[in-house]
Amino acid sequence: MTWPTVRAGRSCPAPPDWAVLQRQLFDALDKAWRVFSDRYTAADGSLVFSGRLGEPPDDRDGVDDFYEPFFNWPLLYLLGGGDDLLAAAKRHWSGVSRQLTELGMMRDGHDRGYDWFHQGEGLLFFYHLCLADPDDADLRAQAVRSAELYLGGAPGNYDPVANLITAPHNGSDGPRRGLTGGRPVFPWSPVFVYYGLPLDWLPGITGYDQLLADPELSRRMGREMRDRMGRGDTAVNLAATSLMANAYLMTGRPEFRDWVLRYAGGWLARTRAAGGVLPDNVGLSGTVGEYLGGRWYGGHYGWAWPHGLHSVGAAAIVAACNAVLVGGDDGYLDLGRAPLEMTMARLRFAPDGTAMVPYKHNDGGWFVEKPMQMALPTALWQIAQARPDADRLTRLGGPAGPGWRDVEPVRSKEEAGHERPWLAYLSGHNPDYPERTLRVALDLVAQRMARIEADPTDRHAGPSTADIHHWQDHNPVLTEALSQLSCGAPQPLYNGGLWHARLRYHDPSRDRPGLPPEVAALVERIEPDSVTLRLVNLDPARPRRVLVQAGAYGEHTIGVARADGSAEPVPVGGPLLEVALDPATEATLHLSLSLRDRVPRATTPRRASCTEEESRPPS
């Protein structure tokens, strides 16, 4: 196929520092994933592990921990990682899936049944694989097989009449009542002291010490949790919309899109009925608080226990973004806005300018004040560029506020946390952010490589069952800086969000996604109707061709492209634009955009076509 083409490029014999650092990071990551794979995995791609899973009391936990070490590897390939990275990532996905099936944790390629806080974490790897290679028949078949578990009928995960997921723990075995498979008991581990009492209003139980000292009270708490928190629907189940949206994006089957809109719409209706309060639980009859004495809080992974905003807010924003992506109107964004506004009603600023909000709510009101998790409002701002979501960032102190220019030399489990300095850069208040964040990323990769080299774990036995976070703690792949800078995309929300990008790239010469070798990209500005992009070809001898795509799923339309130094704008009228770069040149492109006016698809440029159906706005 051919696409509208811009031939652009001014001489660039000395490329900018950010471009050099970006290509250095690609090179460092290409070495890093190979070292991790050699150190921690077997020939079939599985993780070296001689322990067991599926034993009480945590008999349903662990699937996510085996996939999480690889969650961003396909994303690195999408951005422009090594040609053989996709095959390696697929090998690890297949090997780990077989391994978990043999351990009794999976059936038919899907978790037998656990909460969607953890299922979402584990499925990030799969969603990224699907986007990296939507032509893979095995990936497409698994996407459909998993999504069909939630269409209604067997195995009973979803009640289409009541529009409910029927249990907090659900999966290929159907709804799994309760929170463990054995005798109900609490605590599972002393680590839970940090999270507080799950049901803080039970008569006769006022502190964690009582549960540790009195086995009968521990059993009573376990029974109450089973009966009150272990059935019905919970807000964190909203993360299941990514499973259905992914299947729709892979296949175009409308029943998957319709499920996303109906299920998210059900929770949105409850929120609106409560005056903007997003409840975290609903009984099987459809009544909020049915098993919790009428409380809108107290559900599993809800407002009261264990994480509050971190879990409820993430699931709601994931669902809101999925709904508008697959064709819902912007009203769905109110579902994601609700948990932010509920907590920001009590916003205060610490002396250093950090925005602080309460994360949890129980019978005593709001509690556990912490810094706002900036990944949440950033995701809402990025998906729609709506005024309320931009204004919310200002209310949180940005983009010129104290601390918004700081680039912390840390890497979180979510591989996020640098939203504030990135947003400050896009607004013009943090001009050296690209160079600083790339240097931090290079240092963090080096630190992870040193940890792997010094790791005393037996390479033939692997970590113990008690240390199954070991692999994700050593994963040396970092994609946040590359995703932000080259694609204008925050990291996906870690508990099951899809990757939402303003731009992405394909290499037409190699017929694969990602930036071509020796090409660097920097999104300098994002507006509701445009984006400014710099491209650099660092190769002094070879020209390069770059295919720029509007949206991770081709959901946006590029109106016209204007290159610096070009007398006339180039009309595009579609999601794809080819840029031809001469050796040792750079170009700045100003692209006008119409957001989400095309049917989104996980596809490749060779299969993309600008037919009437593809160009029609989603309905």
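By convention here, each chain's residues receive numbers from 1 onward along its written sequence. Confidence filtering applies because this is a predicted model: local features only for residues at pLDDT of at least 70, side-chain atom pairs given and counted only at 80 or more, and all residues used for totals across whole chains, interfaces and linings. Neither water nor hydrogens contribute to the side-chain values; these are computed over all heavy atoms in the structure.

### As for the layout of surface pockets
Piece 1. Empty space within the second largest pocket amounts to approximately 400 Å³.
Piece 2. In the cavity and pocket records, a cavity denotes points on a 1 Å grid over the protein atoms alone where a 1.4 Å probe fits but cannot get out, a pocket denotes an open set with protein on both sides within 12 Å along at least 5 of 7 lines, and lining residues are residues with an atom within 4 Å of a point. What lines the second largest pocket is a set of 18 residues, among which Trp381, Ala390, Leu393, Ser427 and Ile526 lie closest to the centre.
Piece 3. The biggest single contributor to the lining of the second largest pocket is helix α14 (residues 387–395), with five residues.
Piece 4. Throughout this entry, Asp, Glu, Lys and Arg are counted as charged residues, while Ala, Val, Leu, Ile, Met, Phe, Trp, Tyr, Cys and Pro are counted as nonpolar. The remaining residues, Gly among them, count as polar. For the lining of the second largest pocket, the residue count by class is 10 nonpolar, four polar and four charged. Grid points are joined across faces, edges and corners, and a volume is the space filled by probe spheres set on the points. What counts as a helix is a DSSP run of H or I of at least four residues, what counts as a strand is a run of E of at least two, and both are numbered from the N terminus.

### A closer look at the confidence of the model for the protein chain
Piece 1. The pLDDT value expresses, per residue, how confident the predictor is, ranging between 0 and 100. Confidence along the protein chain averages 95 in pLDDT terms, with 98% of residues attaining 70 or more.
Piece 2. We call two residues in contact whenever any of their non-hydrogen atoms come within 4.5 Å of each other. Of the regions scoring below 50 in pLDDT, residues 609–613 engages in six contacts with residues more than four places distant in sequence or in other chains.

### Some thoughts on the packing of helix α9 (residues 241–251) against helix α10 (residues 254–273)
Piece 1. Helix axes are fitted only over the stretch in contact, all axes being lines through C-alpha atoms; the angle between N-to-C directions runs from 0 to 180 degrees. Here α9 crosses α10 at 150 degrees, and the two axes come no closer than 8 Å. For the element pair α9 / α10, the angle class is roughly antiparallel. Both α9 and α10 take part in a crossing whose hand is left-handed. Of the residues in α10, those touching α9 at Thr241, Met244, Ala245, Ala247, Tyr248 and Thr251 are Phe256, Arg257, Trp259, Val260 and Tyr263.
Piece 2. Of the residues contributing to the contact of α9 with α10, the split by class is eight nonpolar, two polar and one charged. Here the word oblique covers every angle except those under 35 degrees (roughly parallel), over 145 (roughly antiparallel) and from 65 to 115 (roughly perpendicular). Each helix crossing is assigned a hand: it is left-handed if the near helix lies turned anticlockwise from the far helix by less than a right angle, otherwise right-handed if that turn is clockwise.

### Looking at the pairing of strand β17 (residues 557–563)
Piece 1. Here five bridges tie β17 to strand β20 (residues 585–594), and the two strands are oriented antiparallel to one another. Looking at β20, one finds that Ala563 is bridged to Leu589.
Piece 2. Across three bridges, the pairing between β17 and strand β18 (residues 570–574) is antiparallel. Residue Ile558 lies in a different strand from β18, and its bridge partner there is Gly574. When DSSP finds two or more bridges between two strands, those strands count as paired.

### Quick word on the sheet that holds strand β10 (residues 355–362)
The strands making up a sheet associate through backbone hydrogen bonding, with each pair oriented either parallel or antiparallel.
Piece 1. Taking strand neighbours across the sheet as the criterion, the three strands line up as β9-β10-β11 in an open arrangement whose pairing is antiparallel. Each edge of the sheet is formed by a strand with only one pairing partner; in this case those strands are β9 (348–349) and β11 (365–371).
Piece 2. Pairing of β10 with β11 involves six bridges; the strand directions are antiparallel. Bridging across to β11, Pro358 finds its partner in Glu369.

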